[in-house]
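Structural characterization, general
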Amino acid sequence: MAQLHTPEEDRGYWSGLLFATCNIWGAERDGALLGIIAFRKDWIDQLYILPNAQGQGIGTRLLDIAKGAHPQLFLWTFQRNTAARRFYETRGFIAIEDSDGSGNEEKEPDVLYRWVRED
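So, how was this worked out
- Residues numbered from 1 in each chain as written.
- Predicted model: local features only at pLDDT ≥ 70, side-chain atom pairs only at ≥ 80, totals over all residues.
- Heavy atoms only, no water.
- Buried < 20%, exposed > 50% of the residue type's maximum accessible area, 1.4 Å probe, protein only.
- Helix = DSSP H or I, 4+ residues; strand = E, 2+ residues; numbered from the N terminus.
- Pairing = 2+ DSSP bridges.
- Polar contact = N/O pair within 3.5 Å; in protein donor to acceptor, adjacent residues only side chain to side chain.
- Contact = heavy atoms within 4.5 Å.
- Expected span 1.5 Å × (residues − 1).
- Bend = angle between axes of the 7 residues up to and from the residue.
- 1 Å grid on protein atoms, 1.4 Å probe; cavity = no way out; pocket = protein on both sides within 12 Å on 5 of 7 lines; lining within 4 Å.
- Points joined across faces, edges and corners; volume = space filled by probe spheres on them.
- Salt bridge = Lys/Arg side-chain N within 4 Å of Asp/Glu carboxyl O.

Here's the deal with the pairing of strand β6 (residues 110-116)
- Buried residues dominate β6, accounting for 5 of its 7 residues.
- Relative to β6, strand β4 (residues 72-78) is paired through 7 bridges, and the arrangement is antiparallel. Within β6, the residue paired with Leu 73 across the bridge is Trp 115.
- In terms of strand pairing, strand β5 (residues 94-98) meets β6 through 4 bridges, oriented antiparallel. Bridged to Glu 97 within β6 is Leu 112.

A few points about the side chain of Asp 110
- Following the sequence through the fold, Asp 110 ends up in strand β6.
- A distance of 2.9 Å separates the side chain of Asp 110 from the side chain of Asn 104, its partner in a polar contact.
- Ignoring sequence-local partners within four residues, the contact set of Asp 110 consists of Trp 76, Thr 77, Phe 78, Gln 79, Glu 97, Asp 98, Ser 99 and Asn 104.

Describing helix α1 (residues 7-21)
- Across its 15 residues, α1 extends 20 Å between first and last C-alpha, which sits within 8% of the 21 Å expected from 1.5 Å per residue.
- The largest bend along α1 measures about 30 degrees and falls at Trp 14.

Overview of the layout of surface pockets
- In this structure, the largest pocket encloses a volume near 1,600 Å³.
- Those elements that provide at least two residues to the lining of the largest pocket are α1, β2 (32-40), β3 (43-49), α2 (58-69), β4 and α3 (82-89).
- Considering every element that reaches the lining of the largest pocket, the biggest residue donor is β3, with 7 residues.

So, the pattern of salt bridges
- Per the stated rule, a full pass over the model turns up 4 salt bridges.
- The salt bridge involving Arg 11 is made with Glu 8; its shortest N-O contact spans 3.4 Å. Of the two residues, Arg 11 and Glu 8 both sit in helix α1, 3 residues apart, roughly one turn of that helix. Per residue, the accessibility class of Arg 11 equals that of Glu 8, and both read exposed.
- Put simply, Lys 41 and Asp 42 hold a salt bridge, and the shortest N to O gap is 3.3 Å.
- Under the relative-accessibility criterion, Lys 41 is labelled exposed at 61%.
- Exposure remark for Asp 42: the relative accessible area of 18% places this residue in the buried category.

This is the structure we're talking about:
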């Protein structure tokens, strides 16, 4: 959600929390960062692909790294983000809980997804 935080707050979140607790992978082409994934045991905290790089398999490849590292993963996405929901659902994630958004800082209804590796 644009402008929810200042750039300084965003940097603090990444340096103080994500870099300290997550595995972070990026995808780049010709030296330009196209997308990132930040994940830890059982959770995907961030998955973002630049809009002009979407639809090229980058998100799937980054997601596969997290899937290879953990037997199950959870993530939250906003209910109205139909593109993200379709992306996760076609890659084996199942919606297990809806929220009204009262528990997130955006106050945006969201949905919890779970993926479990099949043996």
